[in-house]
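# Survey of secondary and tertiary structure
Letter by letter, the chains look like this.
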Amino acid sequence: MPENCRVCGKPLEQPETGRKRLYCGVACRRKQEAALDRIRAALAHVEGMIARYQAHPSAWGARTLPLLEPKRDRLARELARLTG
Ligand SMILES: [Zn+2]
């Protein structure tokens, strides 16, 4: 279980009961939410492009897909890391 703020790494005091805290305060939670929104939007964009190129094969798609797929995987991993 995380004992430090996911954003700034500051040690957290966990409550004895109830939901455990992930962030030290509102500022870090907001920051995390903004980062998640950015990654989710980027991921949706890349996934949309991949789907389009796969649905309509083209020379350009064939050249671009090998670049898009690692990008999508990287974003998906980043998202998984942040959401835990
Ligand atoms: Zn923090």
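Anything mentioned here points back to the structure above.
Presented here is an overview of the structure given in this document. (Residues numbered from 1 in each chain as written. Predicted model: local features only at pLDDT ≥ 70, side-chain atom pairs only at ≥ 80, totals over all residues. Heavy atoms only, no water.)

## Topic: the overall build of the protein
Of regular secondary structure, the protein possesses two helices and zero strands. A compact globule built from 84 residues would reach a C-alpha radius of gyration of about 12 Å, whereas the protein, at 18 Å, exceeds it by more than 25%. In terms of overall dimensions, the protein has C-alpha extents of about 60 × 20 × 20 Å along its principal axes. For the protein, buried positions account for 25% of its 84 residues. If you take every contact in the protein between residues at least 6 apart in sequence, the share linking residues at least 24 apart comes to 35%. Looking at the protein, you have 17 positive and 9 negative side-chain charges, and the mean spots of the two groups are 5 Å apart. (Helix = DSSP H or I, 4+ residues; strand = E, 2+ residues; numbered from the N terminus. Rg over C-alpha atoms; globule rule 2.2 N^0.38 Å. Buried < 20%, exposed > 50% of the residue type's maximum accessible area, 1.4 Å probe, protein only. Contact = heavy atoms within 4.5 Å. Lys, Arg positive; Asp, Glu negative; His and termini not counted. Charge placed at Lys NZ, Arg CZ, Asp CG, Glu CD.)

## Quick notes on the coordination of the zinc ion
Looking at the metal site, the zinc ion is ligated by Cys5 (SG), Cys8 (SG), Cys24 (SG) and Cys28 (SG), spaced 2.3 Å from it. For the zinc ion, the four donor atoms in the first shell make angles of 102 to 117 degrees at the metal, so the coordination geometry reads as tetrahedral. For the zinc ion, all donor residues lie on one chain, and their spacing in sequence is C-x2-C-x15-C-x3-C. A residue pair is termed long-range when its members are at least 10 positions apart, and Cys8 in the segment before helix H1 (26-55) and Cys24 in the segment before H1 qualify at 16 residues. On the accessibility criterion, Cys8 (45% relative accessible area) is partly exposed. Given a relative accessible area of 23%, Cys24 falls into the partly exposed group. (Donors = N, O, S within 2.8 Å, 3.2 Å for Na, K, Ca; no water. Tetrahedral: all angles 85-135°; square planar, octahedral: opposite > 155°, others 65-115°.)

## A closer look at the environment of Arg40
Relative to the helices and strands, Arg40 resides in helix H1. The class for Arg40 is partly exposed, based on a relative accessible area of 42%. For Arg40 and Tyr23, which are 17 residues apart along the polypeptide, the C-alpha to C-alpha distance reads 20 Å.

## Quick word on helix H2 (residues 59-83)
For an α-helix, 3.6 residues make a turn, and residues three or four places apart therefore share a direction. With 25 residues, H2 extends 36 Å from end C-alpha to end C-alpha; this agrees with the ideal 36 Å at 1.5 Å per step. Residues of H2 that are buried include every one of Gly61, Thr64, Leu65, Leu68, Leu75, Leu79 and Leu82, and no others. In this structure, the buried residues of H2 make contact with H1. One or two steps after H2, the chain reaches Gly84, where phi turns positive at roughly 65 degrees. (Expected span 1.5 Å × (residues − 1).)

## Side note on H1
Between the first and last C-alpha of H1 there are 43 Å, a value that for 30 residues agrees with the 44 Å anticipated at 1.5 Å per step. Turning to H1, the residues buried within the fold contact H2.

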